[in-house]
Amino acid sequence: MPVAAAPGAAAPAANPQVEQAVAALRAITTLQADFVQTDRNGQRLTGVLSLQRPGKIRFQYQPGVPLLIVSDGAALTLIDYEVRQVQRWPIRNSPLGALLDPNKDVARYATLNQTGHPDVISMDVHDPRHPEYGSITMIMLRKAGAPGGWELNSWIALDSQNRRTTVRLSNQRYGVALPSNIFRWNDPRGTGRK
């Protein structure tokens, strides 16, 4: 577990692999990828992830799944069209904050996991001052064509209730042009488009 620096003290130096991984994540401008999401009960959902830095993401689930997760750069929104429910929270207050929040000092809160393979980086990210934000373990693979030479392969998120969700990416495409409205959503409560 990383140790928070005392007020006025310099933060501990990050591991070079963590710094490489963070630099690779920050080098992504846009990304689209197919994803498989698995919850703690083994239920699997598929879809397409679209990401635009800083802070924007969309999980477009497979046809027939009435869920949508979107971040507009400030808040992460979960929309359940079946029950017409919308939940919103600041990006920084979720495990995805490590991936999306441009102001989060990921290297400061990251702990490197030993993988035994030079082409794999695994790092846990959580803020010990805010356990309620949950944690995320990101797995990156060395890939020459990816920004920074490392490709985000998967992550495991634990929320504040210790619910585990695994997301695996495939068919990553970088620098793709994304429609300007892709990070917007239709409000199922009948109040229009957000």
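Below is a summary of the structure that appears in this document. Keep in mind that this is a model prediction, so the values were computed, not measured.

A short note on the packing of aromatic side chains
Note on aromatic pairs: each is described by the distance of the centres and the angle between the planes. The tally for this structure, following the rule as stated, stands at 3 aromatic pairs. Ring centres 6.2 Å apart and planes at 75 degrees place the aromatic pair phenylalanine 59 and tryptophan 155 in the edge-to-face group. Taken as a pair, phenylalanine 59 in strand 3 (residues 56–61) and tryptophan 155 in strand 10 (residues 150–158) lie far apart in primary sequence, 96 residues in all. For the pair formed by phenylalanine 59 and tryptophan 155, the shared burial category is buried. Through pairs of rings, three or more aromatic residues link up here, namely Phe35, Phe59, Tyr61 and Trp155.

Examining the environment of asparagine 93
Mapped onto the elements of the fold, asparagine 93 is located in the loop between strand 6 (85–90) and helix 2 (97–100). Measuring from C-alpha to C-alpha, the distance between asparagine 93 and glutamate 132 comes to 7.7 Å, with 39 residues separating the pair along the chain.

Re the sheet that holds strand 2 (residues 44–52)
Pairing within the open sheet is antiparallel, and its 11 strands lie in the order 6-5-4-3-2-1-11-10-9-8-7. The sheet terminates laterally at strand 6 and strand 7 (110–113), the two strands that pair on one side only. Neighbour to neighbour, the strand axes of the sheet diverge by 20 degrees on average, direction disregarded. In the sheet, strand 1 (residues 30–39) pairs with strand 2 via 9 bridges, with the strands oriented antiparallel. Within the sheet, the bridge partner assigned to phenylalanine 35 lies in strand 2 and is glycine 47. Lying over the sheet, helix 1 (residues 16–27) contacts strand 7, strand 8 (120–125), strand 9 (135–142) and strand 10, oriented at roughly 85 degrees with respect to strand 8.

Quick notes on the pairing of strand 6
Taken residue by residue, a regular strand's side chains alternate between the two faces of the sheet. Looking at chain direction, strand 5 (residues 75–80) and strand 6 are connected through 6 bridges and run antiparallel. Note that in strand 6 the partner of aspartate 80 across the bridge is glutamine 85.

With respect to the side chain of arginine 58
Along the chain, arginine 58 turns up in strand 3. It turns out arginine 58 is buried and unbridged, and the closest side chain with the opposite charge, aspartate 72, is 11 Å from it. Within polar-contact distance, the side chain of arginine 58 engages the backbone oxygen of arginine 184 at 3.0 Å. Beyond its immediate sequence surroundings of up to four residues, arginine 58 is in contact with Val48, Leu49, Ser50, Leu68, Ile69, Val70, Ile182, Phe183 and Arg184.

Some details on the nonpolar core
In this structure, Leu49, Phe59, Leu99, Met123, Val125, Met138 and Trp155 are the most contacted members of the largest nonpolar core, which totals 40 residues. Among the elements that take part in this core, helix 1 stands out by supplying 5 residues, more than any other. Setting aside its immediate chain neighbours within four residues, valine 125 contacts Ala98, Val106, Tyr109, Ala110, Ser135, Ile136 and Met138. Ranked by size, the runner-up nonpolar core spans 8 residues in total, among them Leu68, Val86, Leu178 and Trp185.

What counts and what doesn't
- Residues numbered from 1 in each chain as written.
- Predicted model: local features only at pLDDT ≥ 70, side-chain atom pairs only at ≥ 80, totals over all residues.
- Heavy atoms only, no water.
- Phe/Tyr/Trp six-rings, centres within 6.5 Å; stacked < 30°, edge-to-face > 60°.
- Helix = DSSP H or I, 4+ residues; strand = E, 2+ residues; numbered from the N terminus.
- Buried < 20%, exposed > 50% of the residue type's maximum accessible area, 1.4 Å probe, protein only.
- Pairing = 2+ DSSP bridges.
- Axes fitted to C-alpha atoms, helices over the stretch in contact; angles between N-to-C directions.
- Contact = heavy atoms within 4.5 Å.
- Lys, Arg positive; Asp, Glu negative; His and termini not counted.
- Salt bridge = Lys/Arg side-chain N within 4 Å of Asp/Glu carboxyl O.
- Polar contact = N/O pair within 3.5 Å; in protein donor to acceptor, adjacent residues only side chain to side chain.
- Core = buried A, V, L, I, M, F, W, Y, C linked by side-chain atoms within 4.5 Å.

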